[in-house]
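Structural description and commentary
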Amino acid sequence: MLIFQIGTNNWQRQGEFAPGSGILHASFHESMNNMPGVKSYSIYPSKKQTNPEDDPTFRVFKIEHDIPICESVSPNSSYRWHSMTEEQYDAYLKRLENEICEFMDEVEAKEGKEFDYLISHHAFTNAMTAAQIVEKRHKEGKTKLRHFNFVHGTALKMYIKEKEGDPEYPMRFLTKCQGSGVFDGLSKTSGVWVNSEDYIGKFLDCFPSYPKENCVFSRIGVNQKTFCPKGTTVAGDLSKHLAEEDQPKVASMKRLVTFVGKFADWKRLDAVLYAAKEYEAKFPDVGTAIVGTGPPDAVEKYHTMAKTLGLERTVFLGPKGQDVLAELFSMSEVGMFPSYKEPFGMVFIECMACGCPTIGANSGGPTEFVKPEQGVLIEEEPEWHSDEGMQRRPQTFHFSLIFP
């Protein structure tokens with residue numbers, strides 16, 4: 001069986017950090033290549049990475065700008081699709097289609113057989129490109145190829161913002177995707193996977209003519225060789241991940257709260273910093289590690305906020321790889337991830353796999369798998385966009401439940 005996958009984000013290699021969908025794509029690729037009788041080939045975009053010299057199963061779609069993103073920010077980009085002109089958008093998709101077709105032709109010539117399946121990641125440009133390729137190849141007589149889409153979450157978030165009339169996301173790409181017919185029925189997409197049951201409804205709200213019975217909910221796992229208890233401690237291991245100016249803070253820390261996420265408003269890092277103000281005052285041995293990054297103005301915003309709040313034991317680590325995340329979760333008392341309607345919440349599972357309980361919001365994907373013995377989900381705050389709303393939950397939460 002031959003499978004080709006089209007990725008939206010870079011993999012974590014050659015010193016470049018990857019967002020969750022890039023890590024998932026790489027995991028799919030590796031897992032499929034470990035299945036008997038299956039071979040997976042992949043392509044993904046990157047401005048920094050180069051093609052591997054020792055692995056012919058994947059290639060980099062080289063771009064001269066940051067990876068285009070649907071909404072918010074990623075660890076590597078704040079370059080939105082909405083900022084592209086129509087000419088730039090069309091040129092990107094056409095070159096992507098051409099490079100995929102060229103790669104697939106080379107593989108089929110080498111393997112002596114045709115591809116069976118084409119998997120696109122995200123319900124957006126990759127899906128539309130895959131549908132174009134399937135149609136083209138069927139016309140060439142290669143009729144066995146079938147397309148499946150793994151929805152992820154950010155494209156749907158973009159579509160929802162467009163539907164709601166968000167001024168930063170004028171209606172543009174939902175109508176393009178609907179007009180392409182990629183999700184009109186089964187002729188161009190044979191099946192759709194989502195990683196949150198909640199997202200089946202959201203997907204069908206955007207593409208109501210797609211048959212619900214072909215939408216499959218499949219929960220994601222993590223690599224338990226990476227995410228498992230590491231035996232790390234705050235006293236013995238935290239300092240090696242800190243900037244020089246933060247080293248003195250470790251002496252007063254015995255317990256740690258860890259946040260991991262991109263610096264986007266819906267990740268609600270503000271709430272974490274307001275919470276840190278509360279528990280720093282009550283528990284003088286508790287510190288906070290902030291892992292992640294965003295556009296320069298967002299980085300400046302949160303660093304300034306920490307100083308304005310007078311936080312004494314809060315440290316910013318920047319983006320970190322999976323091995324470091326596992327070490328941080330293993331030394332933490334709790335992982336705090338208060339995202340608003342998190343599409344899935346892989347960071348929750350990574351954290352819990354390291355033996356660390358979690359705190360999150362009672363919305364989105366985490367409601368489907370975070371149980372009381374694993375963590376706490378706090379009721380949503382309707383006015384979370386305001387400073388008053390953002391502070392309300394941290395001010396009323398009983399942190400003594402975590403730090404007795």
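As the structure is a computational prediction, the values presented were derived from the model and not from experiment.

Before going further, it helps to spend a moment on the pattern of salt bridges. Considering all chains together, one arrives at 22 salt bridges under this definition. Its salt-bridge partner being Glu99, residue Arg95 comes within 2.8 Å of it at the nearest N-O pair. Note that Arg95 and Glu99 are positioned in helix α2 (residues 86-111) at a spacing of 4 residues, about one turn of the helix. Taking relative accessible area as the criterion, Arg95 reaches 33% and is therefore assigned partly exposed. With relative accessibility at 27%, the residue Glu99 sits in the partly exposed group.

So, about the packing of α2 against helix α3 (residues 125-139). At a closest axis distance of 10 Å, the pairing of α2 and α3 adopts a crossing angle of 50 degrees. With respect to each other, α2 and α3 are oriented oblique. Along this stretch, α2 crosses α3, giving a crossing that reads as right-handed. Here Tyr89, Leu93, Leu96, Glu97, Ile100, Cys101, Met104, Asp105 and Glu108 of α2 lie close against α3, whose contacting residues are Thr125, Asn126, Met128, Thr129, Gln132, Ile133, Lys136 and Arg137. Class assignment of the residues belonging to the contact of α2 with α3 gives a composition of 8 nonpolar, 4 polar and 5 charged.

Another point: the environment of Ser78. Mapping Ser78 onto the fold places it in the loop between β3 (58-62) and α2. Look at Ser78 and you get partly exposed, because its relative accessible area is 41%. Once the C-alpha coordinates of Ser78 and Pro296 are considered, the two residues, 218 residues apart in sequence, prove to be 9.7 Å apart.

On to the nonpolar core, then. The biggest cluster of nonpolar side chains holds 52 residues, and the ones touching the most others in it are Phe4, Trp81, Phe124, Tyr159, Phe183 and Phe203. Secondary-structure elements contributing two or more residues to this core are β1 (2-6), β2 (39-46), α2, α3, α4 (154-164), α5 (173-180), β6 (191-194) and α6 (198-206). Of all the elements, α2 adds the most residues to this core, at 9 residues. Contact partners of Phe203, with chain neighbours within four places excluded, come to Ala123, Val151, Leu156, Phe183, Val192, Tyr210 and Cys215.

Per the UniProt annotation, the sites labelled "domain: Glycosyl transferase family" (unreviewed entry) are residues 247-381. Taken end to end, residues 247-381 is 33% helix and 21% strand, and its two terminal C-alpha atoms sit 35 Å from one another.

Below, the discussion takes up the packing of aromatic side chains. A complete count under the given rule lists 30 aromatic pairs for this structure. Here the aromatic rings of Phe4 and Phe103 are separated by 5.4 Å at their centres, their planes lie at 85 degrees, and the arrangement is edge-to-face. Separated by 99 residues along the polypeptide, Phe4 in strand β1 and Phe103 in helix α2 bring together distant segments of the chain. Look at Phe4 and you get buried, because its relative accessible area is 0%. Taken together, a centroid distance of 6.2 Å and an interplanar angle of 85 degrees make the contact between Phe329 and Phe337 edge-to-face.

Scoring rules and cut-offs
- Here the residue numbering is sequential within each chain, running from 1 through the sequence in written order.
- Confidence filtering applies because this is a predicted model: local features only for residues at pLDDT of at least 70, side-chain atom pairs given and counted only at 80 or more, and all residues used for totals across whole chains, interfaces and linings.
- Excluding hydrogens and water, the side-chain values take into account all heavy atoms of the structure.
- By convention in these notes, a salt bridge is any Lys or Arg side-chain nitrogen within 4 Å of a carboxyl oxygen on Asp or Glu.
- Only DSSP runs of H or I reaching four residues or more are called helices, and only runs of E reaching two or more are called strands; each is numbered from the N terminus.
- Residue burial is assigned from relative accessible area. The probe radius is 1.4 Å, only protein chains are included, and a residue is buried under 20% of its type maximum, exposed over 50%, and partly exposed in between.
- For helices, the fitted line uses only the C-alpha atoms of the stretch in contact; every axis is such a line through C-alpha atoms, and the angle between N-to-C directions lies from 0 to 180 degrees.
- Should an angle fall under 35 degrees it is taken as roughly parallel, and over 145 as roughly antiparallel, whereas 65 to 115 is taken as roughly perpendicular and any remaining angle as oblique.
- Left-handed is the label given to a crossing in which the near helix is rotated counterclockwise from the far helix by less than a right angle, and right-handed is the label when the rotation is clockwise.
- In this analysis, two residues are considered to be in contact whenever any of their non-hydrogen atoms come within 4.5 Å of each other.
- Under the grouping applied here, Gly and all other residues not named as nonpolar or charged are polar, the nonpolar ones being Ala, Val, Leu, Ile, Met, Phe, Trp, Tyr, Cys and Pro and the charged ones Asp, Glu, Lys and Arg.
- Nonpolar cores were defined as sets of buried Ala, Val, Leu, Ile, Met, Phe, Trp, Tyr and Cys residues, with membership established by side-chain atoms within 4.5 Å.
- UniProt positions are given in the numbering used here, feature names are shortened, and annotations may be inferred rather than shown by experiment.
- Two rings from Phe, Tyr or Trp (for Trp, the six-membered ring) form a pair when their centres sit within 6.5 Å of each other. Planes less than 30 degrees apart are called stacked, planes more than 60 degrees apart edge-to-face, and all others tilted.

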